[in-house]
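As a plain string of letters, each chain reads:
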Amino acid sequence: MNVLRRILRQLPLYLAWIVLSAIFWSWIFTLVTDTRPENKVTLLVSAPALEDRPLAAALEEEKPEGIRMIKVHPFSYAVFDEGSFLNADLYVVPESKAAEFLDAFVPVDPPPGAAVYAVEGVPYGIRIYTAAAGEGAAMDYIQYVPAGGIGEDYYLFLGANSLHAGKKDFAALMVAEKLLRLE
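Residues numbered from 1 in each chain as written. Predicted model: local features only at pLDDT ≥ 70, side-chain atom pairs only at ≥ 80, totals over all residues. Heavy atoms only, no water.

*Asks:* Please explain the overall build of the protein chain as it appears in this structure.
*Replies:* When its secondary structure is counted, the protein chain shows five helices and 10 strands. Scaling as 2.2 N^0.38, a compact globule of 183 residues should have a C-alpha radius of gyration of about 16 Å, whereas the protein chain reaches 21 Å, well beyond that. Dimensions along the principal axes, computed over C-alpha positions, put the protein chain at roughly 80 × 40 × 30 Å. Buried positions account for 35% of the 183 residues belonging to the protein chain. Taking as baseline every contact in the protein chain between residues at least 6 positions apart, the subset at least 24 positions apart corresponds to 67%. Computed over 15 positive and 23 negative side-chain charges, the inter-centroid distance for the protein chain is 16 Å. (Helix = DSSP H or I, 4+ residues; strand = E, 2+ residues; numbered from the N terminus. Rg over C-alpha atoms; globule rule 2.2 N^0.38 Å. Buried < 20%, exposed > 50% of the residue type's maximum accessible area, 1.4 Å probe, protein only. Contact = heavy atoms within 4.5 Å. Lys, Arg positive; Asp, Glu negative; His and termini not counted. Charge placed at Lys NZ, Arg CZ, Asp CG, Glu CD.)

Spelled out as structure tokens, the structure:
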């Protein structure tokens, strides 16, 4: 009984150590599994379903020089961290939400004949999925149409704050080209 009383008296201290240990190991895990923005390209996808890890692995098969990793996340990843959202390099967004996020995108120079999302004649995104045809890029990884729902066109955008869209290098453009070639 005396031992139990001592343990209960120290319980807040034990709980504090457990919480601090969890925070410490989470920090270590983040250091091991992430890298600085200069060394990674980040893609955010706003779609009903996403196979983020397999898509990242497919994109990493041809990493641009100087890039250690390509991160792919659903939009929900950036919900609580506006910095993650605003500093992404690439975005896949449905046409209905594109105007809402326009400040996060930079105008693009589309390839000839590409369908684009344009505002006042300025192209901002390249169509990656055509709802009418049910065809698009990376369909093995991105579910563009919700189950039982109606599809819409999706566009690929470059991030306005991306280091890899011309500020440091053109790695985001290379990853975008690879994404557009995926089935």
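*Asks:* Just checking my understanding: could you explain helix α2 (residues 52–60) for this structure?
*Replies:* Each full turn of the α-helix corresponds to 3.6 residues, which orients residues three or four apart in the same direction. Residues of α2 that are buried: Leu-55, Ala-56, Ala-58 and Leu-59. The buried residues of α2 occupy an angular sector of 160° when the element is viewed end-on, so they sit on one face. In the core, the buried residues of α2 are packed alongside β1 (40–45), β2 (49–50), β3 (69–74), β9 (142–143) and α5 (171–181). (Arc of directions from axis to C-beta.)

*Asks:* Teacher, can you tell me more about the environment of Glu-135 here?
*Replies:* If you trace the backbone, Glu-135 turns up in strand β8 (residues 135–136). We classify Glu-135 as exposed; its relative accessible area is 54%. Through-space distance from the C-alpha of Glu-135 to that of Asp-89 is 24 Å; in sequence the pair is 46 residues apart. Ignoring sequence-local partners within four residues, the contact set of Glu-135 consists of Ile-128, Tyr-129 and Thr-130.

*Asks:* Please explain the side chain of Thr-42 as it appears in this structure.
*Replies:* Its location among the elements puts Thr-42 in strand β1. Given the relative accessible area of 13%, Thr-42 is considered buried.

*Asks:* Can you help me understand the domain arrangement of the protein chain in this one?
*Replies:* It is common to give the size of an interface as the accessible area lost on bringing the parts into contact. In terms of domains, the protein chain is made up of domain 1 (2–31) and domain 2 (36–181). Its C-alpha centre places domain 1 at a distance of 41 Å from the equivalent point of domain 2. (Domains from an automatic or database assignment.)

*Asks:* What is the right way to look at unusual backbone geometry in this model?
*Replies:* Note: most residues except glycine have negative phi, and most peptide bonds are trans. Unusually for a residue other than glycine, Glu-120 sits at a positive phi of about 55°. Along the polypeptide, Glu-120 turns up in the loop between β6 (116–119) and β7 (122–130). Given a relative accessible area of 81%, Glu-120 falls into the exposed group. In this structure, Ala-138 is a non-glycine residue whose phi angle is positive, near 55°.

*Asks:* I tried to follow the pattern of salt bridges on my own but got confused; where do I start?
*Replies:* Counted by the stated rule, this structure contains five salt bridges. Residues Glu-38 and Arg-36 are paired through a salt bridge, measuring 2.8 Å at the closest nitrogen-oxygen approach. One salt bridge connects Asp-169 with Lys-168, and the closest N-O pair in it is separated by 3.5 Å. Note on Asp-169: relative accessible area 17%, which makes it buried. (Salt bridge = Lys/Arg side-chain N within 4 Å of Asp/Glu carboxyl O.)

*Asks:* What is the right way to read the nonpolar core from this model?
*Replies:* Soluble globular proteins: nonpolar side chains tend toward being buried together. Ranked by internal contacts, the top residues of the largest apolar core, which has 31 residues, are Leu-43, Leu-55, Leu-59, Leu-90, Val-92, Ile-128 and Leu-179. Elements with a contribution of two residues or more to this core: β1, α2, β3, β4 (90–94), β7, β10 (154–159) and α5. Among the elements that take part in this core, α5 stands out by supplying five residues, more than any other. Apart from residues no more than four positions distant in its own chain, Leu-90 is found in contact with Val-41, Thr-42, Leu-43, Leu-44, Leu-156, Phe-157, Leu-158, Gly-159, Ala-172, Val-175 and Ala-176. In terms of nonpolar packing, the next biggest core, distinct from the first, is built from 16 residues, Leu-44, Phe-75, Ala-88 and Tyr-124 among them. (Core = buried A, V, L, I, M, F, W, Y, C linked by side-chain atoms within 4.5 Å.)

*Asks:* Would you take a moment to explain helix α1 (residues 2–33) for this structure?
*Replies:* In a regular helix each residue adds 1.5 Å, so 32 residues correspond to 46 Å; α1 covers 45 Å between its end C-alpha atoms and thus fits that length. Within α1, the axis deviates most sharply at Leu-11, by approximately 50°, and proline Pro-12 lies no more than four positions further along. (Expected span 1.5 Å × (residues − 1). Bend = angle between axes of the 7 residues up to and from the residue.)

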